[in-house]
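Overview (structure and organization)
Listed below, chain by chain, are the residues.
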Amino acid sequence: MELAVETRGLGKRYGRTWAVQDCTLELPAGRIAALVGPNGAGKTTLLHLLVGLLRPDAGEVRVFGRDPRAVLADVGFVAQDTPLYRDFTAAELVTMGGKLNRRWDAPLARDRLARLGIPPDKPVGKLSGGQRAQVALAMALAKRPRLLLLDEPIASLDPLARREFMQTLMGAVAESETTVLLSSHLLADLERACDHLVVLQQSRVQLTGGVDELLDTHRTLAGPRAGS
Ligand code: ATP
């Protein structure tokens, strides 16, 4: 089984406070995983460690068996509240991406945005929040990443836009072999889409594994319902 992400005792601290502590987890390739935890649990810090934006203060992290900085071309990242170039149109952003990245699939991005009815010639700053989130996702997917990390991509969207975003993501993953890890403070938004779960609480991994397996364990621990 190929591992997309592997961490051992991973930690990051700010001053004396550990934002991520003793984090050991494995994320098999080809899965859609949810990284769930309340505000301040350490989700953003963990994702930044996986992308190589932060250096660990303890332990280690491997992405496809390598240091994250060695696989930058294989990893797509949609940061929380991604600051897109708001004065540019979606069409311009797609063209710009192609100049920066040789693996860039501009036709795929254009096609995806057209299917979603996103106006290609309107400045991104004038699109709705849901449309901007879709543009950010299309840009990340155009890179054809082997691993796609998304930091609370649907937190600020309304229920319809959340559903549309998750549909686009699931459709894109079904067409490729991309491994996805997306964070949220609400599991309810993701459980239907995800087959793997990582629960963070107070900087530590509380639970990790396949969703089915975790639900089975939970049922076993809970035992038969009273009165049944
Ligand atoms: P949210 O859902 O609110 O974005 P999160 O789960 O993503 O939260 P992090 O942003 O990783 O959590 O923060 C984890 C802890 O680290 C928090 O206590 C936060 O205040 C602290 N923290 C994060 N970044 C910094 C920083 N640059 N300097 C100091 N403390 C930080």
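Residues numbered from 1 in each chain as written. Predicted model: local features only at pLDDT ≥ 70, side-chain atom pairs only at ≥ 80, totals over all residues. Heavy atoms only, no water.

- An unreviewed UniProt entry annotates the protein as ABC transport system ATP-binding protein of Amycolatopsis vancoresmycina DSM 44592.

**Quick word on the site of the ligand**
- The ligand sits among Y14, A19, P38, N39, G40, A41, G42, K43, T44, T45, Q80 and E152.
- N39 has a polar side-chain atom sitting 3.1 Å from an oxygen atom of the ligand.
- Measuring from an oxygen atom of the ligand, one finds a backbone N or O atom of G40 at 2.7 Å.
- Here the ligand, which alone exposes 640 Å², has 57% of that area covered by the protein.
- At three residues, the largest contribution of residues to the shell around the ligand is made by helix α1 (residues 43-51).
- When grouped by side-chain class, the residues that make up the shell around the ligand number four nonpolar, six polar and two charged. (Near = heavy atom within 4 Å. Polar contact = N/O pair within 3.5 Å; in protein donor to acceptor, adjacent residues only side chain to side chain. Areas by Shrake-Rupley, 256 points an atom, 1.4 Å probe, with all protein chains shown as cover. Helix = DSSP H or I, 4+ residues; strand = E, 2+ residues; numbered from the N terminus. Nonpolar A, V, L, I, M, F, W, Y, C, P; charged D, E, K, R; others polar.)

**Things to note about the sheet that holds strand β8 (residues 196-201)**
- Pairing in this open sheet of six strands is mixed, and the strands run β5-β6-β7-β3-β8-β9 from one edge to the other. Strands with a single pairing partner mark the edges of an open sheet, and in this sheet they are β5 (75-78) and β9 (204-210). On average, each strand axis in the sheet is inclined to that of its neighbour by 15 degrees, with strand direction left out of account.
- Here β8 pairs with β9 via six bridges, running antiparallel. Residue pairing in the sheet places H196 in a bridge with G210 of β9.
- The strands touched by helix α4 (residues 129-142) within the sheet are β5 and β6 (147-150), with β6 carrying the most contacts at an inclination of about 155 degrees. (Pairing = 2+ DSSP bridges. Axes fitted to C-alpha atoms, helices over the stretch in contact; angles between N-to-C directions. Contact = heavy atoms within 4.5 Å.)

**As for the packing of α4 against helix α5 (residues 159-174)**
- Running from N to C, α4 and α5 point in directions that differ by 15 degrees, and their axes come no closer than 10 Å. The angle between α4 and α5 falls in the class roughly parallel. Between α4 and α5 the crossing geometry is right-handed. Residues G130, A133, Q134, L137 and L141 of α4 pack against A161, E164, F165, T168, L169 and A172 of α5.
- Class assignment of the residues belonging to the contact of α4 with α5 gives a composition of seven nonpolar, three polar and one charged. (Parallel < 35°, antiparallel > 145°, perpendicular 65-115°, else oblique. Left-handed = near helix turned anticlockwise from the far one by under 90°.)

**Focus: the packing of aromatic side chains**
- Under the criterion given, the structure shown has zero aromatic pairs.
- The ring of F64 is capped by R146, whose NZ or CZ atom sits 3.8 Å from the centre of that ring. (Phe/Tyr/Trp six-rings, centres within 6.5 Å; stacked < 30°, edge-to-face > 60°. Lys NZ or Arg CZ within 6 Å of the ring centre and 35° of its normal.)

**A word on empty space enclosed by the protein**
- A full pass over the atoms with the stated rule returns one cavity of 30 Å³ or more.
- There is about 40 Å³ of room inside the largest cavity.
- E152, I154, A155, R162, S184, H185, L186 and D189 are the residues that line the largest cavity.
- In terms of residue class, the lining of the largest cavity is made up of three nonpolar, two polar and three charged. (1 Å grid on protein atoms, 1.4 Å probe; cavity = no way out; pocket = protein on both sides within 12 Å on 5 of 7 lines; lining within 4 Å. Points joined across faces, edges and corners; volume = space filled by probe spheres on them.)

**Quick look at the sheet that holds strand β2 (residues 17-28)**
- One open sheet accounts for three strands, arranged β2-β1-β4; its pairing is antiparallel. The sheet terminates laterally at β2 and β4 (58-63), the two strands that pair on one side only. Going across the sheet, the axis of each strand differs from the next one's by a mean of 15 degrees, ignoring polarity.
- Of the pairings in the sheet, the one linking strand β1 (residues 3-14) to β4 comprises five bridges and is antiparallel in character. The partner of V5 across the bridge, within β4, is V63.
- Here α1 sits on the sheet in contact with β1, β2 and β4, set at roughly 120 degrees to β1.

**Description of the side chain of E152**
- With respect to the element layout, E152 can be found in the loop between β6 and α5.
- When its relative accessible area of 10% is taken as the criterion, E152 is described as buried.
- When near neighbours in sequence (up to four residues on either side) are disregarded, E152 contacts K43, Q80, S183, S184 and H185. (Buried < 20%, exposed > 50% of the residue type's maximum accessible area, 1.4 Å probe, protein only.)

**Focus: the environment of G30**
- Here G30 lies in the loop between β2 and β3 (32-36).
- Using a relative accessible area of 43% as the deciding quantity, one classes G30 as partly exposed.
- Residues contacting G30, with those up to four places away along its chain left out, are E177 and T179.

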